[in-house]
Each structure stands twice: as C-alpha cells, then as structure tokens.
Amino acid sequence: MSICWLNGEFLPLEDAKIHVLDRGFIFGDSIYEVIPVYGGKLFRLEEHLQRLINNLAAVKIDPKLNVQELRGLLEALVEHNGSGDLSVYVQVSRGVAARDHAFPELCLATIFAMANPLVGCSEKTLSEGASAITLDDIRWRYCHIKTTSLLANILLRQQALEEDATEAILIRDGLVTEGAASNLFLVVDTVLLTPPKSTFLLPGITRDLILELATKQNIAYKECDIEQSTLNSASEIWLSSSTKEIVPVTRLNGKQVGNGKPGNLWVQMNTHFQNYKDKVRQGLIN
Ligand code: PDD
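Residues numbered from 1 in each chain as written. Predicted model: local features only at pLDDT ≥ 70, side-chain atom pairs only at ≥ 80, totals over all residues. Heavy atoms only, no water.

Observations regarding the domain arrangement of the protein
Stage number 1. According to the domain assignment, the protein consists of domain 1 (3-117) and domain 2 (123-281).
Stage number 2. Residue-level contacts link 23 residues of domain 1 with 21 residues of domain 2.
Stage number 3. In this assembly, domain 1 packs against domain 2 so that about 1900 Å² is buried in total across both faces, 58% of it on carbon and sulfur atoms.
Stage number 4. Run the count over domain 1 and domain 2 and you get 2 salt bridges.
Stage number 5. With a shortest N-O distance of 2.7 Å, Arg-44 and Glu-212 are connected by a salt bridge.
Stage number 6. At the boundary of domain 1 with domain 2, the tally comes to 10 residue pairs in polar contact (both at pLDDT 80 or more).
Stage number 7. Of all the secondary-structure elements, those providing two or more residues to the side of domain 1 that touches domain 2 are β3 (30-38), α2 (45-58) and β5 (86-93). (Domains from an automatic or database assignment. Contact = heavy atoms within 4.5 Å. Buried area = accessible area lost by both parts, 1.4 Å probe. Salt bridge = Lys/Arg side-chain N within 4 Å of Asp/Glu carboxyl O. Polar contact = N/O pair within 3.5 Å; in protein donor to acceptor, adjacent residues only side chain to side chain. Helix = DSSP H or I, 4+ residues; strand = E, 2+ residues; numbered from the N terminus.)

If you want it as structure tokens, here you go:
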C-alpha cells in the first residue's frame, strides 16, 4: 500500500482526502514537481526543489515549509515507500477558501506528496524509437511555470495518442517549443540543438543534465530557436523528461526520422545518462 504525505502527516494514499474547495481542485491554482528516485535516491533533488520554490514564488504561494523541511519530507516519503525506483509527485496548492478568483486573505497551502513505482520507457521504445506528431502550441504564455493547470497539455497529448503517436511536439509562431510533457532535442549536422529557456517552455531538469553531460563529454551543442523546417530535416529527435529520461523519436508526422532507428548520438548520450544514474544509485554522486 502506498503511503503519501498530506498537510503534515503520512497516511495510506486511499485515506488521503482533499477539501472540495481546495483551489488546486477548483482553479488548478497549484504548482507541482515530479522527481525520479533510483535505488531510494531522489535524483537531482536540489534542482527539483529549487524549481519548486521558484515556481511557488512566481505564483505567490507560500508553502510555509523551507527547502530543508521539503527535502526531509520527500526523503521520509521515499523511505515509507520502500526506497526502490519510484516517481515522487509533490503538489502545493494555494489552499482551501470560498470560491473567488482573487487570492484569499487567509489561506494555508495544501501540501501533498505521493510515490509511485517508476514506469520508464519500454525496451521496445528504446530499441525502435517513439513516434511524434507536431501540433500548434495552444498553451498559455507562462509555460516555464510547472502548474497543475494542464488542460492544454492533456488535450495535446491525447490528440497525439489518438493519432498513434506517443508525444505531441509543439510549434508556436513557427518555432518548436517542447513536447506536451517533455523537452526537445534535435541533431542537425552532428550538433545537438535545443530551444533556449524562455517563458514558452519548462526548464526541464533532465534537459539541464543532458547539456551538462554534453559539456563534460565534449559533445557540441547549441541552444537556439528551431524552425519547424529544421525539425523536419533533423537526423535525430529526442524527448526528455524525469520519468521517461531520454526517448529517441524515429517517426515524425508518419515519416521516418534519420535512418528510422535511434541515432548514434542518442546511444552515446543515453549511455552517459545511464552511467550518471548508476553513480547516483551507488551514492557516488548526489
Ligand atoms: N513533465 N516540459 C513539460 C511541459 C513537462 O511537463 C515536462 C515534464 C518536461 C520535462 O521536465 P523534467 O525533465 O524536469 O521532468 C518538459 C512531468 C514529468 C510530468 O508532468 O509528469
């Protein structure tokens, strides 16, 4: 049975109850994080906590817990759930108040965290690659904030699934932004490309690690605006996220990407990523 944290206590997930007037439920007025756990070790925890704190500040939610307290509760949550390979979800909403768009004067943030088994990418996807379609980026203009108001992302992902693709790659004003729940990388002329951080995409923790590994391994990369035509002619396309890590895309809008197999640079980067993960698992790095 999975144990979660809700407003100061650990309890079985089935027993956790949220008030119907919680602004997270009524308005999607909340911020969240998804943190992978390998062998009981929260992966890139400091980076996830910093993004959580930044996002809460951006929407003026005071969690009334500091970073040390948040770190402590997540570490304890992992222990309560067997310390294996997990996906930790944490959500902080503005709290419970009579329905009114304006911020309530007195409101205590709701803090909820749960741990689920980590479901990574399937072996089939890793060996054959995934498929993606391009869709118009219909989301709002604050895509750098990791809010639970995800209706546009949900509709985009669902459309991709209904068209036999695993992800929607989003295009805003002719430029590629990211996936519905992932960041995007391309390989063009052996150089790794990714759109620069802006308010139009989430500053992914996996994205940052890929660039860090590229620097360490002397893999040439560029953060630059990417037009749809560049996406269409890329020899490799990858999607990155905390739960699926680095996913090679071998079909875009029904057409083969590169030679139709996960590319050489993906194989290299995925090896570096897995080595990094193994070191975290063994406690050699944080
Ligand atoms: N989503 N962009 C969007 C829109 C995302 O939702 C995500 C991750 C990413 C990748 O960020 P990171 O590497 O920090 O996971 C980029 C998570 C996993 C989710 O919503 O479940």
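As for the site of the ligand
Stage number 1. Near the ligand lie 20 residues; those nearest to it are Tyr-32, Arg-51, Glu-178, Thr-206 and Ser-242.
Stage number 2. A distance of 2.6 Å separates a nitrogen atom of the ligand from a polar atom in the side chain of Glu-178.
Stage number 3. With respect to the ligand, the side chain of Thr-206 contributes an N or O atom lying 2.5 Å from an oxygen atom.
Stage number 4. When the free accessible area of the ligand is taken as 480 Å², the share hidden by the protein chains comes to 89%.
Stage number 5. At the level of elements, β3, β9 (175-179), α6 (205-216) and β13 (236-241) are the ones that each hand at least two residues to the shell around the ligand.
Stage number 6. Of the residues contributing to the shell around the ligand, the split by class is 6 nonpolar, 10 polar and 4 charged. (Near = heavy atom within 4 Å. Areas by Shrake-Rupley, 256 points an atom, 1.4 Å probe, with all protein chains shown as cover. Nonpolar A, V, L, I, M, F, W, Y, C, P; charged D, E, K, R; others polar.)

Things to note about the nonpolar core
Stage number 1. The biggest cluster of nonpolar side chains holds 25 residues, and the ones touching the most others in it are Leu-42, Leu-74, Val-88 and Ala-113.
Stage number 2. Elements represented by at least two residues in this core include exactly β3, α2, α3 (67-80), β5 and β6 (110-117).
Stage number 3. Other than its neighbours up to four places away in sequence, Leu-74 contacts Ile-35, Leu-42, Leu-45, Leu-49, Val-88, Val-90 and Ala-113.
Stage number 4. By size, the runner-up hydrophobic cluster in this structure holds 20 residues, among which are Phe-185, Leu-209, Ile-219 and Met-269. (Core = buried A, V, L, I, M, F, W, Y, C linked by side-chain atoms within 4.5 Å. Buried < 20%, exposed > 50% of the residue type's maximum accessible area, 1.4 Å probe, protein only.)

Looking at the environment of Ala-234
Stage number 1. Summarising the element assignment, Ala-234 is placed in the loop between α7 (228-233) and β13.
Stage number 2. The buried category is assigned to Ala-234, whose relative accessible area is 6%.
Stage number 3. Counting along the chain gives 183 residues from Ala-234 to Arg-51, while the straight-line C-alpha distance between them is 30 Å.
Stage number 4. Apart from residues no more than four positions distant in its own chain, Ala-234 is found in contact with Leu-186, Val-187, Val-188, Val-257 and Gly-258.

Details of α3
Stage number 1. Helix length check: α3, at 14 residues, gives a terminal C-alpha distance of 20 Å against a target of 20 Å (1.5 Å per residue), a fit within 8%.
Stage number 2. Turning to α3, its buried residues are Leu-70, Leu-73, Leu-74, Leu-77 and Val-78. Here the buried residues of α3 occupy an arc of 140° about the axis, which is enough to place them on one side. Looking at α3, the residues exposed on the side facing more than 90 degrees away from the buried face are Gln-68 and Glu-79.
Stage number 3. Following α3 by one or two positions, Gly-82 has its phi on the positive side, about 90°. (Expected span 1.5 Å × (residues − 1). Arc of directions from axis to C-beta.)

Focus on the pattern of salt bridges
Stage number 1. In this structure the tally under the stated criterion is 17 salt bridges.
Stage number 2. Across the salt bridge formed by Asp-29 and Arg-23, the nearest N and O atoms sit 2.7 Å from each other.
Stage number 3. We note a salt bridge from Asp-208 to Arg-207, for which the minimum N-O separation is 3.5 Å.
Stage number 4. Residue class for Asp-208 comes out partly exposed when judged on its relative accessible area of 25%.
Stage number 5. Overlapping salt bridges bring together Asp-137, Arg-139, Arg-172 and Glu-178 as one network.

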